[in-house]
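Okay, here's what each chain looks like letter by letter:
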Amino acid sequence: MTLPTPDTPETVFTYGAPHLKYGPGASDEIGFDLSQYGVHRVLVVTDPGVAATGHPQRVADQMKQFDIEAHVFDGAHVEPSDESLERAIAYARSAGPWDAFVAVGGGSSIDTAKAVNLLTTNPGELGDYVNAPVGKGRSPVNPLNPLVAVPTTTGTGAESTTICVLDVLALKVKTGISHFRLRPTLAVIDPDLTLTQPSGVTASAGMDILCHALESYTARWYTTYDHKRAEQRVPYCGSNPIADMWSEKAMGLLATSFRRAVQRGEEDGEARADMAMAATFAGMGFGNAGVHIPHANAYPIAGRVKGFHPKDYPPDEPMVPHGMSVALTAPEAFRFTFGASPERHVRAAELLAPDADRPDDLAELLPRVIADLMRDIDLPNGVGAVGYDEGDIPGLVEGTMKQQRLLATCPRPVDEDDIAGIFRRSMELW
Ligand SMILES: NC(=O)c1ccc[n+]([C@@H]2O[C@H](COP(=O)([O-])OP(=O)(O)OC[C@H]3O[C@@H](n4cnc5c(N)ncnc54)[C@H](O)[C@@H]3O)[C@@H](O)[C@H]2O)c1
Ligand SMILES: [Zn+2]
């Protein structure tokens, strides 16, 4: 149940974040901001849904007054795959050279821009940089160009993290590229851009915020790892005092504004502003602490999708969106981790739902708070509701166990039987 005590415990944690500009109207200043980096030719990366809102073209147009030539590429795939990233990289290479990138969109557009930036400034191909064992796990040898990330969803926090997530189609696995050089140079968070975020996207992406905050808050504490040498340090240190602070703030904002943003997001600018801030705060927390079981389980839930089509996402392909796939096993995962830090689980539940009734068994409090929220914002009722049944559990467990980098952040030891039990009890949540 408890983790072994290391012979030489870690004494150091790190904190990284991009420069950041927040507030309604912040996206009107990107031309000026880029001119400060001395750039002349910029590629704006987005997806077709976000392009239709007009925001990416508007951002590109206002660069002209600073003598910056900007082109919009709207070919980011909603939840990028190796193929979609390779197409974006091929376009950027053929139409380049570029001396900066701007991503306007959700995590899909931001991650696509990260990959394009990496592969237009460094030698080799995508697979060279994808995490081992799926890819070769190489580090970039050259610095990357400036990347300005402008989120239009309230979810991933990708504007402040060092990772790019992708679906490797042939292997049916989701994995990533992770290196500090991938972190955007500047994050521009303009809540006005999120007013058009559809309700279904707001619900799923919001559960991503919630799980980033909860998983990093309950992650293994940084001193419980073995001491690393300088060259062994990774962006994810485990929970630590600075990441905790961001996660707690994010949970407080979710408590007041999540339901409102889903239910009347077009008119409730205050709720949108809170959600944009919550996403960024949670990104600064988990981007330094790490995430664990719900995210590890999300990869096979999304990667092995059968025929599920979520409301408000592009209808052409079946998908379980990232935030939804993370949420589906969260109540059970936090029931499982409760014993590792009961006080943190209770505190998180109090932050998320200050008025919730306290059950006799406090281990039930956080799972209940999460399930009540999911029901209110119309998320599917468990893993069964997105098309899986008992027979799928071995495949799902196999997929989760491949995410050892994430499971290493779990606050208690976790094996295949534990994960199978979590999936089984997550078939239906209420
Ligand atoms: N890099 C990271 O740190 C990180 C962290 C978590 C998740 N991710 C990845 O991010 C992706 C998910 O990103 P996401 O949840 O932000 O959503 P998304 O980028 O996939 O967008 C979802 C849908 O919403 C639409 N949309 C987005 N903003 C809109 C707006 N303002 N108005 C109208 N439509 C809008 C898009 O066109 C798309 O159809 C996944 O691939 C996930 O794995 C990355
Ligand atoms: Zn996430």
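Residues numbered from 1 in each chain as written. Chains lettered and ligands numbered in written order. Predicted model: local features only at pLDDT ≥ 70, side-chain atom pairs only at ≥ 80, totals over all residues. Heavy atoms only, no water.

### A short note on the layout of surface pockets
The volume enclosed by the second largest pocket comes to roughly 540 Å³. Taken together, 24 residues line the second largest pocket, and the ones lying closest to its centre are S178, V234, P235, Y236 and R405. Its residues assigned to classes, the lining of the second largest pocket comprises 13 nonpolar, seven polar and four charged. (1 Å grid on protein atoms, 1.4 Å probe; cavity = no way out; pocket = protein on both sides within 12 Å on 5 of 7 lines; lining within 4 Å. Points joined across faces, edges and corners; volume = space filled by probe spheres on them. Nonpolar A, V, L, I, M, F, W, Y, C, P; charged D, E, K, R; others polar.)

### Topic: the site of ligand 1
What surrounds ligand 1 is a group of 31 residues, the closest being D47, S108, T153, T161 and T196. A distance of 2.9 Å is found between a nitrogen atom of ligand 1 and a backbone nitrogen or oxygen belonging to L193. The contact in question runs from a nitrogen atom of ligand 1 to an N or O atom on the side chain of T196, over 2.8 Å. In the complex, the protein chains occlude 96% of the 870 Å² of accessible area that ligand 1 would expose alone. Elements represented by at least two residues in the shell around ligand 1 include exactly α2 (48–51), α5 (107–121), β6 (163–168) and α7 (199–217). The biggest single contributor to the shell around ligand 1 is α5, with four residues. Counted by class, the shell around ligand 1 contains 12 nonpolar, 13 polar and six charged residues. (Near = heavy atom within 4 Å. Polar contact = N/O pair within 3.5 Å; in protein donor to acceptor, adjacent residues only side chain to side chain. Areas by Shrake-Rupley, 256 points an atom, 1.4 Å probe, with all protein chains shown as cover. Helix = DSSP H or I, 4+ residues; strand = E, 2+ residues; numbered from the N terminus.)

### Section: the packing of helix α12 (residues 330–337) against helix α17 (residues 416–425)
One way to put it is that α12 packs onto α17 with a least axis distance of 8 Å and a crossing angle of 135°. Considered as vectors, α12 and α17 are oriented oblique to each other. In the crossing of α12 with α17, the sense of the turn from one axis to the other is right-handed. When α12 is examined against α17, the residues E332, A333 and F336 are found in contact with a partner set consisting of D418, I422 and R425. By residue class, the composition of the contact of α12 with α17 is three nonpolar, no polar and three charged. (Axes fitted to C-alpha atoms, helices over the stretch in contact; angles between N-to-C directions. Parallel < 35°, antiparallel > 145°, perpendicular 65-115°, else oblique. Left-handed = near helix turned anticlockwise from the far one by under 90°. Contact = heavy atoms within 4.5 Å.)

In short, the description is geometric, and any link to function would need to be established separately.
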